[in-house]
Number of protein chains: 2
Amino acid sequence: MPSSTVENYLKHILLLSEGAQDLVSMGELAAALAVVPGTATTMIKALAREGYVAHQPRQGVSLTPSGRTVALSVLRKHRLVETFLVNVLKMDWASVHAEAEQLEHAISDEVLDRLDALLGYPATDPHGDPIPSRKGKLNFQVYASLATCALKQPLRIVRITEQTAEFLQFADQNNLLPGSTLSVTGRNLTAGLATIKTAGTRAQALSITAAGKILVEPLRR
Amino acid sequence: MPSSTVENYLKHILLLSEGAQDLVSMGELAAALAVVPGTATTMIKALAREGYVAHQPRQGVSLTPSGRTVALSVLRKHRLVETFLVNVLKMDWASVHAEAEQLEHAISDEVLDRLDALLGYPATDPHGDPIPSRKGKLNFQVYASLATCALKQPLRIVRITEQTAEFLQFADQNNLLPGSTLSVTGRNLTAGLATIKTAGTRAQALSITAAGKILVEPLRR
DNA sequence: CGCGCTATTTTGAGTAGTCAAAATAATTTA
DNA sequence: TAAATTATTTTGACTACTCAAAATAGCGCG
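Residues numbered from 1 in each chain as written. Chains lettered and ligands numbered in written order. Predicted model: local features only at pLDDT ≥ 70, side-chain atom pairs only at ≥ 80, totals over all residues. Heavy atoms only, no water.

## Here's the deal with the pairing of strand S6 (residues 193-198) of chain A
Residues and elements named next belong to chain A.
Here is step 1 of the chain: Side chains Ala194, Ile196 and Thr198 of S6 all project onto a buried face; the interleaved residues Leu193, Thr195 and Lys197 project onto a face where none is buried.
Here is step 2 of the chain: Of the pairings in the sheet, the one linking strand S5 (residues 181-188) to S6 comprises six bridges and is antiparallel in character. If you follow Ser183 over to S6, its bridge partner there is Lys197.
Here is step 3 of the chain: In this structure, the hairpin formed by S5 and S6 is closed by a connection of four residues, where Gly192 is found at a positive phi of approximately 70°.
Here is step 4 of the chain: From the end of S6 to the start of strand S7 (residues 204-207), which pair antiparallel, there are five residues. (Buried < 20%, exposed > 50% of the residue type's maximum accessible area, 1.4 Å probe, protein only. Helix = DSSP H or I, 4+ residues; strand = E, 2+ residues; numbered from the N terminus. Pairing = 2+ DSSP bridges.)

Listed below in structure tokens is the structure:
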């Protein structure tokens, strides 16, 4: 049984390699886990010995099938717990990430399955992040963001790819939630700003960085 | 913030001193925690340094007010989680103890309060064990057991003081749940047996040891 | 090509928790 | 009261994880 430390390493490797399928560097991994790089190197060598990861010295690390299985299971727990906290316990959107961070290591598969049923087998968590299936399938889909999508198109927000409470609070207050509709009226790359317009409100500006964290799909029909 | 190891030590000291208000010996504590006695001694000395317990060398250990506060909080989490698992997730009576053992260290006060509200502020968990209040009050009540109560009286089961899955399964199968009514028809101390009679069934025998773990109150009105 | 920058790895050391086994204290028994 | 039994404490060692700081490797650039 992997320790919560091991689970965290594997989960973060999975998150950091989402989309970009190449190796995760010790630098990013250490930063994500809030440890010094030397610690990450040491730990990764241990994880490689136990068959969870493949380590290319000085290049980076990737998950083995066994490591990926563990990582997906932890991610599934995390996202289902978040969904439970928001949908059932009515907790604040912005604060559930930290809670789930603890609970994901303490919850059994048995409890998780029942939670899943209670929630009606959701496909995504409250932030729009896809929930891996019980069998470990992660429905990964490439979406445009407010920083990259076409201008003046009607859009629906599908996902917020940032878990910090501050950003989520900001999104909440500006009605930038999964499901909300809006369009990007303009973009100024030099100034690093995007202008958006949501249904009931007037136009507002958003940094390109922030806009890049809000994923959207074109509104059809 | 105490580690889960520390929380476990404190919780078990509280449980072992419930009722008997004197010191908990290293032997019982070590057995309850599944560590060797030497480990318990070492750990208790550390906990004493941090002000959680008072250690009388070669006598035993007791909780300080600060240690008791932590222990009660953990116990509250444990019992509320058990109640949630049984009442909401409809999990098996006998298996929730092990689950709660993990979750009690991962759940925040915020989540706990909402769980408490969702459950309707229960006073006891599914086994009849009292749930400490948010302010740390443990409604401790002395009950007779099937080993000590008067014979041929109508009784109601109020609590099962044993958490092992085997015993709980046994109790479940014989309809010996909190709320069930029955009476003790006879007792043979020499043979170590008690005979009980529940409403719809015929008389059955029970070891005195088992009987002592089933607490009852006289059925009034 | 070689110099310097940056990321990575190594080294040495520390904390938390554990066990096995030896030493010690207390209590029971004879 | 002395010996024997039992419980507790101490000692030395080990695992898992971490950091600080020194060593090293791989670059890019002049």
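Still more to cover.
## Things to note about the sheet that holds S7 of chain A
All names here are of chain A.
Here is step 1 of the chain: On the basis of which strands lie adjacent, the open sheet formed by six strands has the order S3-S8-S4-S5-S6-S7 and antiparallel pairing. In this open sheet, the two edge strands, each paired with only one partner strand, are strand S3 (144-145) and S7.
Here is step 2 of the chain: Bridge analysis of strand S4 (residues 155-160) against S5 gives two bridges, and the strand direction is antiparallel. Residue pairing for S5: Leu155 is matched across the bridge by Leu182.

## So, the relation of the copies chain B and chain A
Here is step 1 of the chain: At an RMSD of 0.1 Å, chain B and chain A line up after a rotation of 180° and a shift of 0.0 Å along the axis. One copy is carried onto the other by what is essentially a two-fold rotation axis.
Here is step 2 of the chain: Mapped onto chain A, 100% of the interface residues of chain B are again interface residues, and the two copies thus contact each other with one and the same surface. (Least-squares fit on C-alpha atoms with pLDDT ≥ 70 in both. Contact = heavy atoms within 4.5 Å.)

## Brief notes about the domain arrangement of chain A
Here is step 1 of the chain: Domain annotation for chain A reports domain 1 (4-63) and domain 2 (144-218).
Here is step 2 of the chain: The C-alpha centroid of domain 2 of chain A is placed 31 Å from the C-alpha centroid of domain 1 of chain A. (Domains from an automatic or database assignment.)

## A look at the sheet that holds strand S6 (residues 193-198) of chain B
All names here are of chain B.
Here is step 1 of the chain: Taken in spatial order, the six strands of this open sheet run S3-S8-S4-S5-S6-S7, and their pairing is antiparallel. Bordering the open sheet on either side are strand S3 (144-145) and strand S7 (204-207), each of which pairs with just one other strand.
Here is step 2 of the chain: Relative to S7, S6 is paired through four bridges, and the arrangement is antiparallel. In the strand pairing of S7, Ala194 is matched with Leu206.

## Quick word on the protein's contact with DNA strand C
Here is step 1 of the chain: The full set close to DNA strand C counts 19 residues, and Gly27, Lys45 and Arg58 of chain A together with Ser3 and Thr39 of chain B are the nearest of them.
Here is step 2 of the chain: Taking all atoms of DNA strand C within 4 Å of the protein, the share assigned to sugar and phosphate is 84%.
Here is step 3 of the chain: Between DNA strand C and Thr39 of chain B there is a distance of 2.7 Å, counted from a phosphate oxygen to a side-chain nitrogen or oxygen.
Here is step 4 of the chain: Contributions of two or more residues to the surface near DNA strand C are made by helix H2 (26-33) and helix H3 (37-49) of chain A together with helix H1 (4-17) and helix H3 (37-49) of chain B.
Here is step 5 of the chain: Tallied by class, the residues present in the surface near DNA strand C amount to eight nonpolar, eight polar and three charged. (Near = heavy atom within 4 Å. Polar contact = N/O pair within 3.5 Å; in protein donor to acceptor, adjacent residues only side chain to side chain. Nonpolar A, V, L, I, M, F, W, Y, C, P; charged D, E, K, R; others polar.)

## Quick notes on the interface of chain B and chain A
Here is step 1 of the chain: On the side of chain A, 17 residues touch chain B, which itself brings 17 residues to the contact.
Here is step 2 of the chain: When chain B packs against chain A, the two sides together hide about 1400 Å² of surface, and 72% of this comes from carbon and sulfur.
Here is step 3 of the chain: Interface area lost by chain B to chain A is led by Leu89, Ala106 and Arg114 of chain B, which between them contribute 34%.
Here is step 4 of the chain: Inspection of the region where chain B meets chain A yields zero salt bridges.
Here is step 5 of the chain: Within the residue set of the side of chain B that touches chain A, elements represented by two or more residues are helix H4 (65-87), helix H5 (96-103) and helix H6 (109-118) of chain B.
Here is step 6 of the chain: The element that contributes the greatest number of residues to the side of chain B that touches chain A is H6 of chain B, accounting for five residues.
Here is step 7 of the chain: The class makeup of the residues in the side of chain B that touches chain A is eleven nonpolar, two polar and four charged. (Buried area = accessible area lost by both parts, 1.4 Å probe. Salt bridge = Lys/Arg side-chain N within 4 Å of Asp/Glu carboxyl O.)

## So, helix H1 (residues 4-17) of chain A
Owing to its 3.6 residues per turn, the α-helix brings residues three or four apart onto one side.
Residue and element names in this part refer to chain A.
Here is step 1 of the chain: With 14 residues, H1 extends 20 Å from end C-alpha to end C-alpha; this agrees with the ideal 20 Å at 1.5 Å per step.
Here is step 2 of the chain: Taken residue by residue, H1 has Val6, Glu7, Asn8, Tyr9, Leu10, Lys11, His12, Ile13 and Leu14 as its buried positions.
Here is step 3 of the chain: Here the buried face of H1 lies against H2, H3, strand S1 (53-56), strand S2 (60-63), helix H4 (65-87) and helix H5 (96-103).
Here is step 4 of the chain: Looking one or two residues past H1, Gly19 carries a phi angle of roughly 85°, positive in sign. (Expected span 1.5 Å × (residues − 1).)

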